[in-house]
Amino acid sequence: MQTTIDTSDKAIDLEERYGAHNYHPLPVVLAKGEGVYVWDVEGKKYFDFLSAYSAVNQGHCHPRIVNALKEQAETLTLTSRAFYNDVLGAYEKYVTGYFGFDKVLPMNTGAEAVETAIKICRKWGYEKKGVPENEARIIICENNFHGRTTTIVSFSSDENARKNFGPYTPGFIKIAYDDIDALEKVLESEKNVVGLLVEPIQGEAGVYTPAKDFVRRAQEACHRHDTLFIADEVQTGIARTGSLLACCGDCSCQEHCERQPTYTKPDILVLGKALSGGVYPVSAVLADDAVMNVIKPGQHGSTFGGNPLGCKVAIAALDVVKDEKLMVNARRLGEVFRERMQQLIEKTDLIKLVRGKGLLNAIVVNDGPASSTAWDLCVALKENGLLAKPTHGNIIRFAPPLVMTEDQLHECCDIIQKVVLGFKK
Ligand SMILES: Cc1ncc(COP(=O)(O)O)c(C=O)c1O
């Protein structure tokens with residue numbers, strides 16, 4: 001059977017005809033990737049300014065990660081957790097040391113890891129906090145994005161993601177994002193609250209960066225009320241925001257270290273995406289023993305979670321982040337990017353503002369969320385060799401691979417400037 005397709009039109013037709021219509025992609029068909037670049041089927045080269053929603057932080061097809069995959073693929077790929085394998089333990093030691101936790105629970109996708117965190121948090125609530133059976137509640141935020149499972153969409157604010165997928169999972173209390181007073185109020189007044197699940201920066205919602213001290217104050221408030229602080233860093237983690245984690249705050253040290261005063265240690269940390277450099281689905285939940293040890297054999301798992309292939313890929317992906325100093329690069333280039341966008345905003349009415357941290361940024365287009373302006377701009381950017389995608393109507397997220405150089409970033413900013421200044425509605 002022929003598996004590669006030689007024209008973009010043919011590839012799009014096939015997806016339209018045989019694939020469920022659960023996505024609305026930009027009309028570009030990618031066939032190759034290397035570093036910050038991708039190429040379409042016809043051979044046209046683009047800057048990737050989305051990085052598979054921050055999964056490809058290390059750049060496309062990073063040779064060290066691909067080699068780790070190749071070597072392990074020829075040796076042993078999957079054992080299930082019915083048996084031990086000779087890579088998992090080494091990975092667990094490495095990843096717990098890297099992020100500073102006692103234990104890790106390995107999974108595959110981000111949504112699975114969030115589900116895992118919810119299960120651990122509830123179980124901790126019953127067994128350690130003494131919450132009556134089936135009464136545990138977790139606080140979540142307006143405009144959250146934590147994935148697509150039935151439980152997770154139960155507490156989504158996005159009607160399109162949620163409608164007609166009920167009955168919904170109970171046990172969640174919604175508060176406004178970045179609102180410490182609302183959090184304090186719920187913690188004071190509501191019974192049986194066991195956790196706060198929060199993104200330290202809301203990526204999917206449109207790159208909303210909360211007040212500088214929000215994460216720290218949220219964790220402190222949780223701890224005053226014997227409640228777990230759960231950070232979903234599936235999108236923000238692993239150098240994307242210019243620190244190892246968004247929870248690191250302004251710490252820009254090369255290593256992850258708990259000594260930095262700006263670091264807020266979550267009780268449960270949820271990671272995915274760039275944990276594998278986009279090479280293979282690997283996610284993880286990290287916690288210290290007092291929390292993680294509530295999970296006993298038979299109570300959670302996944303056939304593929306912790307497989308030797310994923311573990312080797314994740315070790316290589318994390319090595320690359322450290323060795324190539326991606327945190328420092330993301331931080332420095334993020335500043336350059338926002339400065340360039342700010343200069344652009346002064347020349348046009350089409351863009352209202354730029355916001356973000358490190359290389360997770362967004363521009364807000366001066367049009368209603370229902371308008372097609374952001375989409376049309378992304379199509380025009382594509383025509384000019386740069387791929388980005390709107391999120392929530394009038395917002396365009398810009399998140400290139402963190403291996404980008406400053407010259408490449410300026411080239412990209414020149415493309416964005418040319419497209420924006422030449423754009424006709
Ligand atoms: C913060 C956050 N959590 C969870 C997820 C879900 O990850 P996955 O798509 O791998 O299930 C995402 C995906 O965008 C995310 O941004």
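In this text the structure is predicted, and so the values were computed from the model without any measurement.

## Topic: helix H14 (residues 406-422)
One turn of the α-helix equals 3.6 residues, which is why residues spaced by three or four share an orientation.
Thought 1: For H14, which comprises 17 residues, the first-to-last C-alpha distance of 24 Å matches the rise-based estimate of 24 Å (1.5 Å per residue) to within 8%.
Thought 2: Taken residue by residue, H14 has Gln 408, Leu 409, Cys 412, Cys 413, Ile 415, Ile 416, Val 419 and Val 420 as its buried positions. Considered in projection along H14, the buried side chains sweep an arc of 155° and stay on one side of the axis. Seen from the buried face of H14, the exposed residues on the opposite side, beyond 90 degrees, are Asp 407 and Lys 418.

## Let's talk about the pattern of salt bridges
Thought 1: Under the counting rule described, the total for this entry stands at 15 salt bridges.
Thought 2: We note a salt bridge from Glu 204 to Arg 397, for which the minimum N-O separation is 2.8 Å. Highlighted residues: Glu 204 in the loop between strand E7 (193-198) and helix H9 (214-224) and Arg 397 in strand E15 (residues 395-398), separated in sequence by 193 residues.
Thought 3: Residue class for Glu 204 comes out buried when judged on its relative accessible area of 15%.
Thought 4: Under the relative-accessibility criterion, Arg 397 is labelled buried at 1%.
Thought 5: Ionic pairing is found between Asp 288 and Lys 265, a salt bridge with its closest N-O pair at 2.9 Å. Here the residue Asp 288 occupies a position in the loop between strand E10 (283-287) and helix H10 (289-292), and Lys 265 occupies one in the loop between strand E8 (228-232) and strand E9 (268-271), the gap between them amounting to 23 residues.

## Details of the nonpolar core
Thought 1: Membership of the largest hydrophobic core comes to 99 residues, with the highest contact counts inside it found for Phe 49, Tyr 91, Phe 99, Leu 275, Leu 386, Phe 398 and Ile 416.
Thought 2: With 10 residues, helix H11 (residues 308-323) is the largest single contributor of residues to this core.
Thought 3: Counting residues in hydrophobic clusters, the runner-up holds 30 residues, among them Ile 120, Ile 152, Ile 268 and Met 292.

## Thoughts on the packing of aromatic side chains
Thought 1: What the rule picks out here adds up to nine aromatic pairs.
Thought 2: Ring centres of Phe 337 and Phe 398 lie 5.5 Å apart, and the angle between their planes is 70°; on these two criteria the pair is classed as edge-to-face. Here Phe 398 lies in strand E15 and Phe 337 lies in helix H12 (residues 326-345), a separation of 61 residues in the sequence.
Thought 3: Using a relative accessible area of 1% as the deciding quantity, one classes Phe 337 as buried.
Thought 4: The cationic tip of Lys 322 hangs over the ring face of Tyr 98; the distance from NZ or CZ to the ring centre is 4.2 Å.
Thought 5: Stacked on the ring of Tyr 208, the Lys or Arg Arg 355 has its end atom at 4.0 Å from the ring centre.

## Description of the sheet that holds strand E14 (residues 389-391)
Thought 1: Spatial strand order, E11-E12-E15-E14: four strands in an open sheet with antiparallel pairing. In the strand order of this sheet, the two ends are held by strand E11 (351-357) and E14, each with one partner. Neighbour-to-neighbour, the strand axes of this sheet turn through a mean angle of 30°, independent of strand direction.
Thought 2: Two strands pair when backbone bridges link them, and E14 and E15 are joined in this way by three bridges, in the antiparallel orientation.

Calculation notes
Residues numbered from 1 in each chain as written. Predicted model: local features only at pLDDT ≥ 70, side-chain atom pairs only at ≥ 80, totals over all residues. Heavy atoms only, no water. Helix = DSSP H or I, 4+ residues; strand = E, 2+ residues; numbered from the N terminus. Expected span 1.5 Å × (residues − 1). Buried < 20%, exposed > 50% of the residue type's maximum accessible area, 1.4 Å probe, protein only. Arc of directions from axis to C-beta. Salt bridge = Lys/Arg side-chain N within 4 Å of Asp/Glu carboxyl O. Core = buried A, V, L, I, M, F, W, Y, C linked by side-chain atoms within 4.5 Å. Phe/Tyr/Trp six-rings, centres within 6.5 Å; stacked < 30°, edge-to-face > 60°. Lys NZ or Arg CZ within 6 Å of the ring centre and 35° of its normal. Pairing = 2+ DSSP bridges. Axes fitted to C-alpha atoms, helices over the stretch in contact; angles between N-to-C directions.

Everything listed here is a matter of geometry and, on its own, says nothing about what the molecule does.
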